[in-house]
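What follows is each chain in one-letter form.
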Amino acid sequence: MGAVEPFVPEPEGRSPVSLVVDLSDRRVYVYQDERVKTSFRIAVGRAGWETPTGRYEVISMVEHPTWQHPFTGEIVPPGNGNPLGVRWIGFWTDGKNTIGFHGTPNEETIGRAASHGCIRMYNDDVVALFEMVQVGTPVHVVP
């Protein structure tokens, strides 16, 4: 008879979904139960505005977000031309600024280092990602 292995319960609230942002590949990988489910092309932070690396978690989710220009304070309502596109998934903040995944009306920037630290995605892709995650989903950003 084989040895009995002790039962170790999973921590409550552990998400079966996690995200890995690979800055060098310019892709976000969606893991479900530790296996890659899908991935999406992304734009990352440009020189001087690099996307921070490290381990984070989703802290906010907004459909049809409003954007406030970080320098002028101008408010851009949801809709065509909003720099955040149709969804916002925040995962980092220093208490003043926040970084997250978002759509973009500037799809030609996808695949490049073009943002102020955020992860830009095609609007259809960020909508799909929005449906896969929740507040608390782990986000690991690697160089």
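What you see is a predicted model; the values in this text were computed from it and never measured.

Draft legend 1. Representation of the overall build of the protein chain in the model. When helices and strands are counted, the protein chain shows one helix and 13 strands. Each helix (α) and strand (β) of the protein chain, taken in turn from the N terminus, gives the series β-β-β-β-β-β-β-β-β-β-β-β-α-β. At a minimum sequence separation of 6, the contacts of the protein chain that also span at least 24 residues come to 56%. Carbon and sulfur atoms make up 50% of the accessible area of the protein chain, which totals about 8600 Å².

Draft legend 2. Geometry of unusual backbone geometry. Notably, arginine 26 is not glycine yet its phi reads approximately 55°, a positive angle. You can see arginine 26 is positioned in the loop between β1 (17-22) and β2 (27-32). Residues other than glycine seldom take positive phi values, yet aspartate 33 does so here, at roughly 50°. Counting through the fold element by element, aspartate 33 comes out in the loop between β2 and β3 (35-41).

Draft legend 3. Layout of the sheet that holds strand β13 (residues 138-142). Across the sheet, five strands lie side by side as β3-β2-β1-β13-β5; this open sheet has mixed pairing. Each of the sheet's edge strands pairs with one partner strand only, and the pair in question is β3 and β5 (54-57). Going across the sheet, the axis of each strand differs from the next one's by a mean of 20°, ignoring polarity. Across six bridges, the pairing between β1 and β2 is antiparallel. Bridging across to β2, leucine 19 finds its partner in valine 30. Sheet strands touched by helix α1 (residues 123-132): β1, β2 and β3. Its angle to β3, the strand with the most contacts, is close to 150°.

Draft legend 4. Summary view of the side chain of arginine 120. Its location among the elements puts arginine 120 in strand β12 (residues 119-120). Other than its neighbours up to four places away in sequence, arginine 120 contacts Arg41, Ile42, Ala43, His102, Thr104, Thr109, Ile110, Ala114 and Ser115.

Draft legend 5. Spotlight on the pattern of salt bridges. Per the counting criterion, the structure on display carries one salt bridge. The shortest N-O distance in the salt bridge between arginine 87 and glutamate 63 comes to 3.6 Å. Placement of the pair is arginine 87 in strand β9 (residues 87-93) and glutamate 63 in strand β6 (residues 60-63), with a sequence separation of 24 residues. What makes glutamate 63 partly exposed here is its relative accessible area of 47%.

Draft legend 6. Molecular detail of the sheet that holds β6. As summarised here, the arrangement of the four strands in space is β6-β9-β10-β12, forming an open sheet in which the pairing is mixed. Of all the strands in the sheet, the pair left with one neighbour each is β6 and β12. In this structure, strand β10 (residues 98-102) lies alongside β12, joined through two bridges in parallel fashion. Paired with histidine 102 across the bridge in β12 is arginine 120. The strands touched by α1 within the sheet are β6, β9 and β10, with β9 carrying the most contacts at an inclination of about 65°.

Draft legend 7. Looking closely at the nonpolar core. If you look at the biggest cluster of nonpolar residues, it comprises 25 residues, and the most contacted ones within it are Val21, Phe101, Met121 and Leu129. Going through the elements one at a time, β1, β2, β9, β10, α1 and β13 are the ones with two or more residues in this core. For phenylalanine 101, the residues in contact, after removing those within four places along its chain, are Leu19, Val21, Val28, Arg87, Trp88, Ile89, Phe91, Ile119, Met121, Val126, Leu129 and Val139.

Reading the values: the criteria
Residues numbered from 1 in each chain as written. Predicted model: local features only at pLDDT ≥ 70, side-chain atom pairs only at ≥ 80, totals over all residues. Heavy atoms only, no water. Helix = DSSP H or I, 4+ residues; strand = E, 2+ residues; numbered from the N terminus. Contact = heavy atoms within 4.5 Å. Areas by Shrake-Rupley, 256 points an atom, 1.4 Å probe, with all protein chains shown as cover. Pairing = 2+ DSSP bridges. Axes fitted to C-alpha atoms, helices over the stretch in contact; angles between N-to-C directions. Salt bridge = Lys/Arg side-chain N within 4 Å of Asp/Glu carboxyl O. Buried < 20%, exposed > 50% of the residue type's maximum accessible area, 1.4 Å probe, protein only. Core = buried A, V, L, I, M, F, W, Y, C linked by side-chain atoms within 4.5 Å.

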